[in-house]
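# Examining the three-dimensional arrangement
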Amino acid sequence: LKVFVDMDGVIASFLDAASIAHNRPLPYDNPANYGVWDTEKLWGITPAEFWAPCNSEEFWLDIPKTSEADGIVEMLSRDFGADNLAILTAPNQAPGCVNAKRKWIQKYYPALAGRMIFTAAKGLVAGPGKLLIDDKDSNCEEFRAAGGFAILVPRLWNSRHATASNVLDELKSGLEMLS
Ligand SMILES: [Mg+2]
């Protein structure tokens, strides 16, 4: 399989950075908010207000790794070979976002630095023999609809929120089910 790995919400802790930029706690301590993708709705702000503090190269550069990031990249590299991995990430419209995402991967995962695809249209990359690792339900659904495989990384903001504390085990069993 050729494997496409999402950044934000999978290896990059985008929402933690957004929470700091907005000086608001993440709304996912409240079980009523589990599975709600649109954090701005839970904060009661518009999408434009949500993205405003994220519109700089510095914001994207300073995003921390998720606690599972190294484990995810190691597991996928071991199971599929680094030559079969690519980063598949949807940059926002901020000037510098793509640059910053390149620098971020160079810093943390230099082996993947030359293997980055930037698009929000993830389904267009899908097809038989392709596997998406992503935290957004609709991306996974699109990928499967186009004949690919997808594993939704469990997070509190998606439909697999019940297992969000167990990302690496869930990914491992998802991979086992594919083979
Ligand atoms: Mg994502």
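The structure this text deals with has already been given above.
Read on for an overview of the structure. (Residues numbered from 1 in each chain as written. Predicted model: local features only at pLDDT ≥ 70, side-chain atom pairs only at ≥ 80, totals over all residues. Heavy atoms only, no water.)

### So, the coordination of the magnesium ion
Around the magnesium ion, the donor atoms from the protein are Asp 6 (OD), Asp 8 (O) and Asp 135 (OD), and they sit 2.0 to 2.1 Å away. Here the donor residues of the magnesium ion are spaced in sequence according to D-x1-D-x126-D. With Asp 8 in the loop between strand 1 (2–5) and helix 1 (14–22) and Asp 135 in the loop between strand 4 (130–134) and helix 7 (137–145), this pair connects stretches of sequence that are 127 residues apart. Exposure remark for Asp 8: the relative accessible area of 15% places this residue in the buried category. (Donors = N, O, S within 2.8 Å, 3.2 Å for Na, K, Ca; no water. Helix = DSSP H or I, 4+ residues; strand = E, 2+ residues; numbered from the N terminus. Buried < 20%, exposed > 50% of the residue type's maximum accessible area, 1.4 Å probe, protein only.)

### Digging into the nonpolar core
Ranked by internal contacts, the top residues of the largest apolar core, which has 43 residues, are Ile 11, Phe 14, Trp 60, Leu 76, Ile 105 and Ile 133. Elements with a minimum of two residues in this core: strand 1, helix 1, helix 4 (57–61), helix 5 (69–80), strand 2 (85–89), helix 6 (97–108), strand 4 and helix 8 (167–178). In this structure Leu 76 touches Val 3, Val 5, Gly 81, Leu 85, Ile 133 and Leu 175, once residues within four positions along its chain are discounted. Within the second largest apolar cluster, 10 residues are counted, among which are Ala 86, Val 125, Ala 150 and Leu 152. (Core = buried A, V, L, I, M, F, W, Y, C linked by side-chain atoms within 4.5 Å. Contact = heavy atoms within 4.5 Å.)

### Quick word on the environment of Ile 133
Take Ile 133: it is sitting in strand 4. Along the primary structure Ile 133 and Val 153 are separated by 20 residues, whereas in three dimensions their C-alpha atoms are 6.7 Å apart. Not counting residues within four places of it along the chain, the set of residues in contact with Ile 133 comprises Val 3, Phe 4, Val 5, Asp 6, Val 10, Leu 76, Ile 151, Val 153 and Leu 171.

### A look at the packing of helix 5 against helix 8
One can describe the packing of helix 5 onto helix 8 by two numbers: an axis separation of 10 Å at closest approach and a directional angle of 20°. With respect to helix 8, the axis of helix 5 lies roughly parallel. In the crossing of helix 5 with helix 8, the sense of the turn from one axis to the other is right-handed. Contacts from Gly 71, Ile 72, Met 75, Leu 76, Asp 79 and Phe 80 of helix 5 reach helix 8 at Val 167, Leu 168, Leu 171, Lys 172 and Leu 175. (Axes fitted to C-alpha atoms, helices over the stretch in contact; angles between N-to-C directions. Parallel < 35°, antiparallel > 145°, perpendicular 65-115°, else oblique. Left-handed = near helix turned anticlockwise from the far one by under 90°.)

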